[in-house]
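The chain contents come next:
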Amino acid sequence: MQTGRTDIPLTEHGVDAIKKLAPEIVGSGKLLDPENLCHVWVSPRQRAHKTFELLFESLDELPPHKICEDVREWDYGNYEGLTSEQIKDKDKYWSIWKDG
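Nothing here was measured: the structure is a model prediction, and the numbers come from that model.

Draft legend 1. Quick look at the side chain of Ser43. Relative to the assigned elements, Ser43 resides in the loop between β1 (40–42) and α2 (46–55). Among the polar contacts listed, one links the side chain of Ser43 to the backbone nitrogen of Arg45, at a separation of 3.2 Å. What Ser43 contacts, discounting residues up to four positions off in sequence, is Ala48, His49, Ile67, Cys68, Val71, Arg72 and Glu73.

This is how it looks when you write it as structure tokens:
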């Protein structure tokens, strides 16, 4: 489902996935090394906040960050809330990469 501007919470599946992944990618010498993060820009959508918080919950404090509309999710316009299949029923040439 295309939910760019819709402010929905992170699903339980998403929470579980981030909690499982975070220890593997966050920490000293890992992909997201807190020592190497100068500033993190976070989308204003609640699911993005939750993802950010869950990724770094093992730290004493969150990395420096700013909630910023400039990094928000795509706006799917009239396709917001529809699945890719539903969109292709309306426009068989639709592509997420070409049409957003």
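We are not done yet, so read on.
Draft legend 2. Broad picture of α2. Of all the residues in α2, the buried ones are Arg47, Ala48, Phe52, Leu54 and Leu55. Summarising the axial view, the buried residues of α2 lie within an arc of 170 degrees, below the 170-degree limit, and thus occupy one face. Turning to α2, the residues buried within the fold contact α1 (12–25), β1 and β2 (65–67).

Draft legend 3. Inspection of the nonpolar core at higher detail. Counting 12 residues, the largest nonpolar core consists of Val15, Ile18, Ala22, Ile25, Val26, Val40, Val42, Ala48, Phe52, Leu54, Leu55 and Phe56. Looking at this core, the elements with two or more residues in it are α1, β1 and α2. Not counting residues up to four positions away in its chain, the partners in contact with Val26 are Leu32, Leu55 and Phe56.

Draft legend 4. Region of the structure containing the pattern of salt bridges. With the rule as written, the count across this model stands at 1 salt bridge. Salt-bridge contacts for Arg45 lead to Glu69; the nearest nitrogen and oxygen are separated by 3.4 Å. Placement of Arg45 in the loop between β1 and α2 and of Glu69 in the loop between β2 and α3 (84–90) is noted, with a sequence separation of 24 residues between them. The exposure class of Glu69 is partly exposed, given its relative accessible area of 40%.

Draft legend 5. Region of the structure containing α1. With 14 residues, α1 ought to run about 20 Å at 1.5 Å a step, and its terminal C-alpha atoms sit 20 Å apart, in line with that. Buried within α1 we find Gly14, Val15, Ile18, Ala22 and Ile25. The inward-facing, buried residues of α1 abut α2.

Analysis parameters
Residues numbered from 1 in each chain as written. Predicted model: local features only at pLDDT ≥ 70, side-chain atom pairs only at ≥ 80, totals over all residues. Heavy atoms only, no water. Helix = DSSP H or I, 4+ residues; strand = E, 2+ residues; numbered from the N terminus. Polar contact = N/O pair within 3.5 Å; in protein donor to acceptor, adjacent residues only side chain to side chain. Contact = heavy atoms within 4.5 Å. Buried < 20%, exposed > 50% of the residue type's maximum accessible area, 1.4 Å probe, protein only. Arc of directions from axis to C-beta. Core = buried A, V, L, I, M, F, W, Y, C linked by side-chain atoms within 4.5 Å. Salt bridge = Lys/Arg side-chain N within 4 Å of Asp/Glu carboxyl O. Expected span 1.5 Å × (residues − 1).

Nothing here speaks to function; it is all geometry.
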